[in-house]
Amino acid sequence: MTCTRCPSTIQKDRKTKTNAIKTSKYNPFTFLPLNLFEQFQRIANAYFLFLLVLQVIPQISSLSWFTTVVPLVLVLTVTAAKDATDDIVSKRVFFLCGALRGEKWMNVQVGDIIKLENNQFVTADLMLLSSSEPLNLVYIETAELDGETNLKVRQALTVTGDLGEDVEKLADFNGEVRCEPPNNRLDRFMGTLTYAGQKYPLDNEKVLLRGCTLRNTQWCFGLVLFGGPETKLMQNCGKTTFKRTSIDRLMNVLVLCIFGFLAFMCTVLAIGNCFWELNEGSNFTAFLPRQDGNEATFSAFLAFWSYVIILNTVVPISLYVSVEIIRLGNSFYIDWDGKMYHAANDTPAEARTTTLNEELGQIQYVFSDKTGTLTQNIMTFNKCSVNGKSYGEVTDSCEYKAELHTDKVDFSFNSLADPRFVFHDHSLVEAVKLENPEVHAFFRLLALCHTVMAEEKREGELFYLAQSPDEGALVTAARNFGFVFRSRTPDSVSIVEMGRQRSYELLAILDFNNVRKRMSVIVRSPEGKLSLYCKGADTIIYERLHRSCSKLMDVTTEHLNEFAGEGLRTLALAYKDLDEEYFNGWKRRHHEVSTSLDGREGKLDELYEEIEKDLLLLGATAVEDKLQDGVPQTIELLSKAHIKIWVLTGDKQETAENIGYSCNLLREEMNEVFVVSGNSPEDVRQELRSEVKSTLGNGGVKAMADEAVNGEYGLVINGHSLAYALERGSELAFLRLACLCKAVICCRVTPLQKAQVVELVKKHKQAVTLAIGDGANDVSMIKAAHIGVGISGQEGMQAVLSSDYSFAQFRFLQRLLLVHGRWSYLRMCKFLRYFFYKNFTFTFVHFWYAFFCGFSAQTVYDEWFITLYNLVYTALPVLGMSLFDQDVNDAWSFQHPQLYVPGQLNLYFSKKAFFKCALHSCYSSLVLFFIPYAAVHDTVRDDGKDVADYQSFALLTIAHNCFVISLSPRLQLGFEMSYWTAVNTFFVLGSLAMYFAVTFTMYSDGMFLTLPSAFPFIGTGRNSLNQPNIWLTILLTSILCVLPVVTYRFLFIQLCPTINDKVQVRQAKATPPPPPRRTRIRRTSSRRSGYAFSHAQGYGDLVTSGRFLRRPALPRSSGFSHAGRTTTSFSPMGRSAGYSPTGRPQNAKVSDVEVTSLQMYKTIRDPAL
């Protein structure tokens, strides 16, 4: 892309922004303070910072400061490194430099003039100045904005179009643009251009918005009106928010509960210290003298803070490090998954964030774009019915439908055939070669009745510019079967019929609109025969057929039902021959109506109705809007997992409905599909209430528990009705109706409305949401949802850059959720339960010991065990489980999608599960403390020496802790862990071996001689662990700790097994059955798709006006000359003449625009004016 800057004399009313777009949260200067601010929003991090302050006070702390500062710094560093990596990934933006003046897009400013070339991306909001095409037309694709892949036309003002590509004239152009302020309305633009004392209107047809792509246009120039965040696309994108999982939010609540419980324990122990000092403390003053002024209350105050430090392990900071490691590992699994790799475009799946993996296992609502996400943006001509015979079905010799890979039809007889066109039914091409008159008439109609434009840069290389992809598919089919549309002028259409070039005089185009649902052309053949060719929705065409077609209509209807049953877009074709005298009279009346001022539209409709009668049916076509591979199966599987799928698309209602049926989102078996299309708030509110009443009967509209419904329903709502439905008085009624429906389709929605729908569900349903899309118009909902997924598709990379996860095909979503998401959630929940259990048990032993040490804040363990407990002794086994465990493998996960439901209901980890874990820890700590205490009380060694000294008891308690916390939970892990690997086994046995190795090393003579103050437990290990009664105590303690768990698990599985338990039993007994082979069932349907769904009214005017014309076609080697008649007596008028994209004459002057509260204009002034 290239740009040249306008003269510096241009003035702006206000400081305008550059075109730079920021998608990252940090920069080098703000990273450290912002990241630390975010991290200390975690209550646990702030808590440990507070502990660090307490530990530097010698009167309080009984532990060294490094026991807190080392893990705190480690946690902050690891998390900061991860956040920086994630932010760098999301910050990748691509800029293109120019040739006229080397400039990055980020430096483009308002007032600059930009040159765009074919297939380039528009990255600022521009006013079109000039183009390479006749009459300054440009063709753009707006898929990034509204999801539509059909081309749209924009046209520059003549006064600026005369500047052409003269850079000097463009740079010297002096004018003033007054336009609306930045807003998010994609369908409207208001402004004026003042030049040479005259004002010219500016509307949406004169503007190229950021996100468009230039097509079929060599070059164009545009003036930058808005840049960067002020562009309409970015105004719709929403803000980048910090996403956190529901488990993170639950953890903050639980940490607050833990703080309250910690304060309660410390208060109890402080009160105990006060009573002990008053009653027993005076007996020890002889060898523990009190400092002056230290009363019992002050001692209790110090004891309170000392126990805050000692019992801090109830909120383990190492938890957060372990959580980040688990999330990172599960993210790598997604990146490495070969089954989510798309070989066609070499695109692997990518986890662009590492903080949301477990949230993937709790999704309840999926919001999906349509174009490029569910579909491939490809239309194919699949089947047709001609004169009562169906073509396209491949049958074997016994007349059964063949599910075989048959040979493709050979179109080598046609040198102008499109090599990409594929068809398998050889009987149709044979009928063409045998010159079947009905088949020839069928394809002649397809070659003549359309608004497609042809471009032929080299002899025989045709390129079709279709305003609707449906039309492109039909004209391409006619081309391959020997009826090649080659070129057109405003009054003729040239085609090649079976090798013969013929030119038909184009007398009129009766254009399409949403009411007519059909289009017709009136042509005169080279032989002088007048004919009307019509195509449209079958219900519309059938009403206008001659009664002699009744039998053919019945047969064709059967074929149409079969086509519609397969989700194909159907279209009926008909024709009639016209009498010359009648047509001349009709033409005269058409001219009179076209020039009338009153009721022109209605009168034209009457004329069209008059001539489009007594048609003769030719047949029907069936075009497939190709879905991506596996879309119906994915939607079906996600529905079985109780995941609701809503489609939010900018496409037309008919298109969206058709795709809904094609991908099994909507089904004809549904009780009813509601269509909300009110044009006022009252109408929409009434429709919503009546439809809720029809599903549930009478009842109020309030939020928002799931309700049971008898039957299945669907909902379709268009964009203008959705705007009213999202208003405060109607939003709950809309949400309630939508939640009662099995499927919801919102069509013609803006990017901002997509985000509003997501926010509505998040707010009132308290459900975990996922948004998936592939274009810039999907960025807002991707940012708004809990999880954003980007499809690496045909609409650029903006959705991917804003997403949390990305892959190439919609079908990979089932593996992301049902396999990776469910495993991640299950692993995280098991990890949290086990982690809280072991740390609560560890901490509660301190609590019980306080009652036997005079509440003096003495630790029951030595400092090295406290330091290494979470880091070395107990970390690896639970990490092994959290990284490698699978309750069932991926095949069984797909076979039983109901396994996903517990995650949606938070059954694996919740407040209830947490308190169960705390009670279990309390029981285990009682066993761990009092069994060893009773075992060593008044006990002597084999040699008669006393065992019950402090260091020996501390070691015994440590050993019990390590065995019960390290071994007993390993037995519990044996019940929890379903997938044992060599790594898991090594972690379990290795951590136990590490305990003995470290213990005998630290309690050795050598370590004591090296640092006596740091290693005071000299010889304690070998003196205590060589006694048989110690090992019997360890065995008894372990059995008593594990026994309740074993009993509970046994009874639970036998009496009320979960879906996981049942599937695990099945998995242990058998291999999963192969996925069922999806045989295509021959269905019929009376539902029809509408006519040319992406087609827009008024395109026939463009064809007949001559303003579409491209460069002259190359001279044909055959020497073919125009053979059609020319006409001066009839000029298409009304809807077929005088095309102007703005609907007004070019260069029309407009009155001064008064600035009001509704019209605020941004001004770019030039002092020269």
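Residues numbered from 1 in each chain as written. Predicted model: local features only at pLDDT ≥ 70, side-chain atom pairs only at ≥ 80, totals over all residues. Heavy atoms only, no water.

1. Focus on the overall build of the chain
On a plain count of helices and strands, the chain comes out with 39 helices and 33 strands. A total of 1169 residues make up the chain; the buried ones form 57% of that total. Approximately 49,100 Å² of the chain is accessible, and the part contributed by carbon and sulfur atoms is 57%. (Helix = DSSP H or I, 4+ residues; strand = E, 2+ residues; numbered from the N terminus. Buried < 20%, exposed > 50% of the residue type's maximum accessible area, 1.4 Å probe, protein only. Areas by Shrake-Rupley, 256 points an atom, 1.4 Å probe, with all protein chains shown as cover.)

2. Some points on the sheet that holds strand β5 (residues 137–141)
Read from one edge to the other, the open sheet built from 3 strands follows the order β6-β5-β11, with strand pairing classed as antiparallel. Looking along the sheet, the strands with just one partner apiece sit at the ends: β6 (151–155) and β11 (213–215). Strand-to-strand twist of the sheet, defined as the mean angle between neighbouring strand axes without regard to direction, takes the value 45 degrees. Here β5 pairs with β11 via 3 bridges, running antiparallel. Looking at β11, one finds that E141 is bridged to T213. (Pairing = 2+ DSSP bridges. Axes fitted to C-alpha atoms, helices over the stretch in contact; angles between N-to-C directions.)

3. Quick notes on unusual backbone geometry
Trans peptide bonds make up the majority, and among non-glycine residues the majority have a negative phi. Phi is positive for N387, close to 50 degrees, though the residue is something other than glycine. Among the residues examined, N387 registers a relative accessible area of 43% and is labelled partly exposed. A positive phi angle, near 50 degrees, is found at Q766, a position not held by glycine. Note that Q766 resides in the loop between α23 (751–765) and β30 (769–773). For Q766, a relative accessible area of 64% gives the class exposed.

4. Focus on the UniProt feature "binding site: Mg(2+)" (unreviewed entry) in the chain
In the numbering adopted here, UniProt assigns the feature "binding site: Mg(2+)" (unreviewed entry) to D369, T371, D774 and D778. Their sequence span is 410 residues, while the largest C-alpha to C-alpha distance among them is just 10.7 Å; these annotated residues converge on one region. Locating D774 in the fold gives a position in the loop between β30 and α24 (779–784). Side chain to side chain, D774 and T373 meet in a polar contact 3.5 Å long. Secondary-structure assignment places D778 in the loop between β30 and α24. When residues no more than four places from it in sequence are discounted, the contact partners of D778 are D369, K754 and G773. A polar side-chain atom of D778 sits 2.7 Å from a polar atom in the side chain of K754. (UniProt positions renumbered as here; feature names shortened; annotations may be inferred. Polar contact = N/O pair within 3.5 Å; in protein donor to acceptor, adjacent residues only side chain to side chain. Contact = heavy atoms within 4.5 Å.)

5. Here we look at the pattern of salt bridges
Counted according to the given criterion, the structure contains 33 salt bridges. As a salt-bridge pair, K754 and D778 come within 2.7 Å of each other at their nearest N and O atoms. Of the two residues, K754 sits in helix α23 while D778 sits in the loop between β30 and α24, which places them 24 residues apart along the sequence. For the pair K754 and D778, a shared accessibility class is recorded, and that class is buried. D887 is paired through a salt bridge with R822; the nearest N and O atoms lie 2.7 Å apart. Remark: R822 occurs in helix α26 (residues 812–850) and D887 occurs in the loop between α28 (875–884) and α29 (890–895); sequence separation between them is 65 residues. Here D887 and R822 have matching classes, each one buried. Beyond isolated ion pairs, a larger network of salt bridges with shared partners links R516, R518, E543, R544, E609 and E612. (Salt bridge = Lys/Arg side-chain N within 4 Å of Asp/Glu carboxyl O.)

6. Focus on α28
Buried residues dominate α28, accounting for 8 of its 10 residues. Taken residue by residue, α28 has A875, P877, V878, L879, G880, M881, S882 and L883 as its buried positions.

7. Comments concerning a nonpolar patch on the surface
On the surface, a cluster of nonpolar side chains totalling about 340 Å² of accessible area is made up of F851, F852, L926 and F930. By secondary structure assignment, the location of L926 is in helix α31 (residues 911–936). Looking at L926, the relative accessible area reads 32%, which means it is partly exposed. (Patch = residues over 30% accessible without salt bridge, like charges linked within 9 Å, V, L, I, M, F, W, Y side chains within 5 Å.)

8. Things to note about the sheet that holds strand β16 (residues 389–391)
Taken together, 9 strands build an open sheet; the order of strands is β16-β15-β25-β24-β23-β22-β21-β20-β19 and the sheet is antiparallel. One side of each edge strand has no neighbouring strand; the edge strands of this open sheet are β16 and β19 (483–489). Across the sheet, the mean angle from the axis of one strand to that of its neighbour is 30 degrees, orientation sign disregarded. The sheet contact formed by strand β15 (residues 375–386) and β16 spans 3 bridges and is antiparallel. Among the inter-strand pairings, S385 is bridged to a residue of β16, identified as S390. Most of the contacts of helix α17 (residues 600–611) go to strand β21 (residues 500–510), to which it runs at about 135 degrees, and overall it touches β21, β22 (518–524), β23 (530–536) and β24 (569–577). Where helix α19 (residues 653–662) meets the sheet, its contacts fall on β15, β24 and β25 (616–627), and the angle it forms with β25 comes to roughly 70 degrees.

9. Here's the deal with the packing of aromatic side chains
Summed over all chains, the structure comprises 46 aromatic pairs. Ring plane angle 85 degrees and centroid distance 6.1 Å describe the contact between F421 and F481, whose orientation is recorded as edge-to-face. With F421 in the loop between β16 and α11 (426–433) and F481 in the loop between α13 (469–480) and β19, the pair connects residues that are 60 residues apart, well separated along the chain. The buried category is assigned to F421, whose relative accessible area is 12%. According to the relative accessible area criterion, F481 is buried, its value standing at 0%. Judged by centre distance (5.8 Å) and plane angle (35 degrees), the rings of Y825 and Y908 are tilted. Taken together, the residues span a long stretch of sequence, with Y825 in helix α26 and Y908 in the loop between α30 (901–904) and α31 at a distance of 83 residues. Taking relative accessible area as the criterion, Y908 reaches 15% and is therefore assigned buried. Cation over ring: K838 sits above F835, and NZ or CZ is 4.0 Å from the ring centre. (Phe/Tyr/Trp six-rings, centres within 6.5 Å; stacked < 30°, edge-to-face > 60°. Lys NZ or Arg CZ within 6 Å of the ring centre and 35° of its normal.)

10. What to know about the packing of α11 against helix α12 (residues 437–448)
Contact pair α11 / α12: the axes reach a minimum separation of 8 Å and the direction vectors enclose 100 degrees. Relative to α12, α11 is oriented roughly perpendicular. Residues L428, A431 and V432 of α11 pack against V439, H440 and F443 of α12. Along the lines of polarity and charge, the residues of the contact of α11 with α12 split into 5 nonpolar, 1 polar and no charged. (Parallel < 35°, antiparallel > 145°, perpendicular 65-115°, else oblique. Nonpolar A, V, L, I, M, F, W, Y, C, P; charged D, E, K, R; others polar.)

11. Structural notes on α19
Burial of α19 is extensive: 8 of the 10 residues sit out of reach of the surface. Along α19, the positions that sit buried rather than exposed are T655, A656, E657, N658, I659, G660, Y661 and S662. N664 sits one or two positions beyond α19 and adopts a positive phi of about 70 degrees.

12. With respect to the environment of C384
Relative to the elements of secondary structure, C384 occurs in strand β15. Sequence-wise, C384 and H559 are 175 residues apart; in three dimensions their C-alpha atoms are separated by 8.4 Å.

13. A few points about the packing of α26 against α31
Where α26 contacts α31, the two axes come as close as 7 Å, and the packing angle between them is 45 degrees. Considering the angle they form, α26 stands oblique to α31. Along this stretch, α26 crosses α31, giving a crossing that reads as right-handed. Contacts between α26 and α31 pair R833, F836, Y837, F840, T841, F844, V845, W848 and Y849 from the former with F914, C917, A918, H920, S921, C922, S924, S925, L926, L928, F929 and F930 from the latter. In terms of residue class, the contact of α26 with α31 is made up of 15 nonpolar, 5 polar and 1 charged. (Left-handed = near helix turned anticlockwise from the far one by under 90°.)

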